[in-house]
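Spelled out, the chains give:
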Amino acid sequence: MLKGRKYDLFARARRPARRRAHEILAYPDGAQFVFDTGRAIEVEGGYCALPDGDLLDAYSNAVVRAVERIGPSVVRIHPMLDDPRFSGVGSGFVIAEGGLILTNSHVIQGANRYVVITAEGRSFTARCVGDDPDTDLAVIKLDEPVDIPPARLGDSKKLRRGQLVIAIGAPLGFEATVTTGVVSALGRSLRAERGRLIEDLIQTDAALNPGNSGGPLVNSTGEVVGIATAIIAGTQGLCFAVAANTARFVIAELLAHGHVRRGSIGLVAQQAPIPPALAKATGVTQPYAVYVASVDAGGPALKAGIQVGDLLVAAGSQALTGLDDLLRALDHHSIGRATDFLVIRQARLMTVTITPRQRRRVA
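As the structure is a prediction and not an experimental result, all values here were calculated from the model.

**Student:** What is the right way to look at the overall build of the protein chain in this model?
**Tutor:** Secondary structure summary: the protein chain contains seven helices and 22 strands in total. Across the 363 residues in the protein chain, those meeting the buried criterion constitute 45%. Within the protein chain, contacts between residues separated by at least 24 positions form 60% of all contacts whose residues are at least 6 apart in sequence. Per element, the accessible surface of the protein chain, about 19,900 Å² overall, is 52% carbon and sulfur.

**Student:** Explain the environment of Gln203 to me, please; I cannot follow it from the model alone.
**Tutor:** Note on placement: Gln203 falls in strand β11 (residues 197-204). Not counting chain neighbours up to four residues away, the residues in contact with Gln203 comprise Val182, Val183, Ser184, Ala185, Arg188, Leu238, Cys239 and Phe240.

**Student:** Can you walk me through unusual backbone geometry in this structure?
**Tutor:** Backbone geometry follows two general trends: most residues other than glycine have a negative phi, and most peptide bonds adopt the trans configuration. Residue Gln346 is not a glycine yet carries a positive backbone phi of 50 degrees. Assignment of secondary structure puts Gln346 in the loop between β20 (339-345) and β21 (348-354). Judged by its relative accessible area of 71%, Gln346 falls in the exposed class. Phi angles above zero are rare outside glycine, and Ala347 is one such case at about 65 degrees. Take Ala347: it is sitting in the loop between β20 and β21. Residue classification places Ala347 among the partly exposed residues on the basis of a relative accessible area of 44%.

**Student:** Before we go on, may I ask you to explain the side chain of Thr135 in this structure?
**Tutor:** Checked against the element boundaries, Thr135 lands in the loop between β7 (123-132) and β8 (137-142). Of note is the side chain of Thr135, whose polar atom sits 2.6 Å from the side chain of Asp132. The residues touching Thr135, leaving out its near neighbours within four places in the chain, are Ile198, Val242, Thr246, Val250 and Arg262.

**Student:** Explanation requested: the pattern of salt bridges in the structure shown.
**Tutor:** Should their charged atoms come close, side chains of opposite charge can pair. Per the counting criterion, the structure on display carries 10 salt bridges. Two residues, Arg262 and Asp134, come together in a salt bridge whose shortest N-O distance is 3.2 Å. On the criterion of sequence distance, the pair formed by Arg262 in the loop between α4 (244-257) and β15 (263-264) and Asp134 in the loop between β7 and β8 is long-range, its members being 128 residues apart. For the pair Arg262 and Asp134, one class covers both residues: buried.

The rules behind each value
Residues numbered from 1 in each chain as written. Predicted model: local features only at pLDDT ≥ 70, side-chain atom pairs only at ≥ 80, totals over all residues. Heavy atoms only, no water. Helix = DSSP H or I, 4+ residues; strand = E, 2+ residues; numbered from the N terminus. Buried < 20%, exposed > 50% of the residue type's maximum accessible area, 1.4 Å probe, protein only. Contact = heavy atoms within 4.5 Å. Areas by Shrake-Rupley, 256 points an atom, 1.4 Å probe, with all protein chains shown as cover. Polar contact = N/O pair within 3.5 Å; in protein donor to acceptor, adjacent residues only side chain to side chain. Salt bridge = Lys/Arg side-chain N within 4 Å of Asp/Glu carboxyl O.

Shown next, in the form of structure tokens:
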């Protein structure tokens, strides 16, 4: 009997094992199968998988298209100084018909006339229309009308951290210098080498080459979203650019008055998101506000009771979603006029009345 059971077990062991049906392999009726062909696969939600080679090609094509679109508008600027040993060079770009060029304030300092070299290698002279050291922006105009395609200013409010940007510098011969990077931070406020505060800056890792100051920082569609400035000490490998929305306001003031007339409330601020929980608690619907980083001693903001850490939500009827909004609210009409600022402090919404004073012009 035992021997019989042993032979029976041997026989069972030699038989092929029956495959068991697993529930995990039982697919529901109507199931669809997608096989990877190595190309882009469109899926629900707009995401797709691309091979590395295609991603690099798409990136390169975006940069090339942007450079081809904006490149003809970029110019090289040489200040005409009495002492050639101190002759510098910078960049700029045409912003309107008739040869209006936007550049950095520090590029044109020390001279009254300038030599402008176009992307085609043509040379012209220019004069200063207006200068604003507070934003490191200046507008110059060619002495004769020249047919140069103007660049288009984009909406810098639409920028997001991580977005691709391209810095384009002064033409050298018939070519322009190009670097790429991503937006690292928005709404920065930093002090320049001479101590003046420059507000509403875009920070990116698109490095600046020598002579790129005043050149455009553009998005992938070729719209100018910032104006590069290289005067911040200790920022090698980084680019700081004045936001295009601030530049638009400054350009209008420079063309109308030759300088920017503005009010001041005496604080250092930066753009900051409003946390969802804080927005819900205060009933504020806008996504961003102006964060108060420091308050000047004896300034209008301190006298009115503004504190470090406050979030400025609105000035009068104007929402403050960034420093460009604050700069527009503090135009020349605001000087000496009491203005109600909507402020979030310690999860409470309050109103603080501030009377801006005239901002001192920096030589």
